[in-house]
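Next come the chains, spelled out residue by residue.
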Amino acid sequence: MPLRLRPNDPTFYDLFTESANHLVDGARILADLLGSTAGTGLAASHQIAAQMKDAEHAADETTHSIIRRVNSTFVTPFDREDIYRLASDLDDVMDFMEEAVDSIHLFNLESLPAEVAEQIEVLQRMAALTSETMPRLRTMKDLAEYWIEINRLENTGDAVHRRIIAKLFSGEFDALTVMKVKTVIDLLEDAVDAFEHVANTVEQIAVKES
């Protein structure tokens, strides 16, 4: 077996954990936007959209820090391409969540179907699992349960998305509302899918490093 030179510097692992923690914040802001009772009124979207924009900017800074670090480091903890991919995948999740919040604000949506709360619950669970998992990249142990559970949650998210689509086209909503709400729920579904991409990248890294 070839000798692998691994740096002891924990910076990359810390930065990936920081990036995942931003996603926890983003999912919480999404939940705040729905207010305490989904479907009966949204919280003040202007302030929350501003919070999400700040969270997205913070996540971007962490992503840039990862890229700067990998570009200036001779020996990285795993393949550079995988570091770039994981950083990009994590950043994509935040981007989709921020776009969803921004769309709610720009469209002046005052309510969303109650089932959207289920989408956000899936995102919150995915964010929490990802945050818990990133520090384990350092040892590459006990990672399989992460990507298995993320895949299960992605399937749940898909089912919720299909139910909301069916409700939107049931005739209960006017055409303009359908267009606006579909934009939002599609972005939330994109965020769910992006979390699966994160898990797939983690799996690829673990397989290579095993």
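An account of the accompanying structure is given in this report. Bear in mind the structure is a predicted one, so any value in this text is a computation, not a measurement.

### Observations concerning the overall build of the chain
Inference 1: The helix and strand inventory of the chain stands at six helices and zero strands.
Inference 2: Reading the chain from its N end, one meets helices and strands in the order α-α-α-α-α-α.
Inference 3: Rg of the C-alpha trace for the chain: 18 Å, near the compact-globule value of 17 Å for 210 residues, within the 12% margin.
Inference 4: Each principal axis of the C-alpha distribution contributes one length, and for the chain these read about 65 × 30 × 25 Å.
Inference 5: Relative to its full complement of 210 residues, the chain shows a buried share of 47%.
Inference 6: Restricting to contacts in the chain with at least 6 residues of sequence separation, those with at least 24 account for 81%.
Inference 7: Side chains of the chain give 19 positive and 38 negative charges; the mean places of these two sets differ by 6 Å.

### Thoughts on helix α6 (residues 175–209)
Inference 1: Its 35 residues give α6 an end-to-end C-alpha distance of 51 Å, which sits within 8% of 51 Å, the value for a rise of 1.5 Å per residue.
Inference 2: Between the side-chain oxygen of the N-cap and the backbone nitrogen of L176 there are 3.1 Å, and the N-cap of α6 in question is D174.

### Description of unusual backbone geometry
Inference 1: The phi dihedral of M140 falls on the positive side, at around 60 degrees, and the residue is not glycine.
Inference 2: Structurally, M140 can be placed in the loop between α4 (116–133) and α5 (144–168).
Inference 3: Residue D142 is not a glycine yet carries a positive backbone phi of 55 degrees.
Inference 4: With respect to the element layout, D142 can be found in the loop between α4 and α5.

### Some details on the nonpolar core
Inference 1: Of all hydrophobic cores here, the largest spans 65 residues; its most connected members are F16, L86, M97, L137 and V202.
Inference 2: Of all the secondary-structure elements, those providing two or more residues to this core are α1 (11–34), α2 (45–72), α3 (80–106), α4, α5 and α6.
Inference 3: The biggest single contributor to this core is α6, with 15 residues.
Inference 4: Leaving out residues up to four positions away in the same chain, L86 has contacts with F16, M134, L137, V198, T201, V202 and I205.

Criteria and cut-off values
- Residues numbered from 1 in each chain as written.
- Predicted model: local features only at pLDDT ≥ 70, side-chain atom pairs only at ≥ 80, totals over all residues.
- Heavy atoms only, no water.
- Helix = DSSP H or I, 4+ residues; strand = E, 2+ residues; numbered from the N terminus.
- Rg over C-alpha atoms; globule rule 2.2 N^0.38 Å.
- Buried < 20%, exposed > 50% of the residue type's maximum accessible area, 1.4 Å probe, protein only.
- Contact = heavy atoms within 4.5 Å.
- Lys, Arg positive; Asp, Glu negative; His and termini not counted.
- Charge placed at Lys NZ, Arg CZ, Asp CG, Glu CD.
- Expected span 1.5 Å × (residues − 1).
- Polar contact = N/O pair within 3.5 Å; in protein donor to acceptor, adjacent residues only side chain to side chain.
- Core = buried A, V, L, I, M, F, W, Y, C linked by side-chain atoms within 4.5 Å.

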